[in-house]
Amino acid sequence: MDVTHFHQSQLAARWGVSEGTLERWRCEGIGPKFLKLPGRVLYRQIDIEAYEESCLSSSTKQSGAVS
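Rules behind the numbers
Residues numbered from 1 in each chain as written. Predicted model: local features only at pLDDT ≥ 70, side-chain atom pairs only at ≥ 80, totals over all residues. Heavy atoms only, no water. Buried < 20%, exposed > 50% of the residue type's maximum accessible area, 1.4 Å probe, protein only. Helix = DSSP H or I, 4+ residues; strand = E, 2+ residues; numbered from the N terminus. Arc of directions from axis to C-beta. Contact = heavy atoms within 4.5 Å. Pairing = 2+ DSSP bridges. Axes fitted to C-alpha atoms, helices over the stretch in contact; angles between N-to-C directions.

Visitor: Looking at this structure, I do not really get helix 1 (residues 8-15). What am I missing?
Guide: Each α-helix turn comprises 3.6 residues. Residues three or four places apart therefore point the same way. Listing the buried residues of helix 1 in full gives Gln8, Leu11 and Ala12. One side of helix 1 carries all its buried residues, which in axial view fall inside an arc of 105 degrees. In the core, the buried residues of helix 1 are packed alongside strand 1 (5-7), helix 2 (19-28), strand 3 (40-44) and helix 3 (45-54). One or two steps after helix 1, the chain reaches glycine 16, where phi turns positive at roughly 70 degrees.

Visitor: What exactly am I supposed to notice about the pairing of strand 3 here?
Guide: Both strand 1 and strand 3 contribute to a ladder of 3 bridges, which runs antiparallel. The residue bridging phenylalanine 6 from the neighbouring strand is tyrosine 43, located in strand 3. Across 3 bridges, strand 2 (residues 35-37) lies against strand 3 in antiparallel orientation. Its bridge partner being in strand 3, lysine 36 is matched across the sheet by valine 41. Counted along the chain from strand 2 to the antiparallel partner strand 3, the turn is 2 residues long, and its residue glycine 39 has a positive phi close to 85 degrees.

Visitor: Would you mind showing me how to read the sheet that holds strand 2 here?
Guide: Adjacent strands of a sheet pair through backbone hydrogen bonds, lying either parallel or antiparallel. Pairing in this open sheet of 3 strands is antiparallel, and the strands run 1-3-2 from one edge to the other. Each having just a single partner strand, strand 1 and strand 2 make up the two edges of the open sheet. In this sheet, neighbouring strand axes are inclined to one another by 35 degrees on average, regardless of whether the strands run parallel or antiparallel. Relative to strand 3, helix 3 is tilted by about 65 degrees, and along the sheet it contacts strand 1 and strand 3.

Quick look at the structure:
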């Protein structure tokens, strides 16, 4: 089983956000699952792609919003 991992800097570059944003998101429980290893954080590609898939939208209209 070949699993690809991304470092925080690689994911930040992929999404065009800062590493600080990813750090904040982790604290807030936002974003893909991650691995917390001694001295580093890694993201599995499969978890990144699953999170991206969950964020797909076909409209900016929010369900249940009150006008």
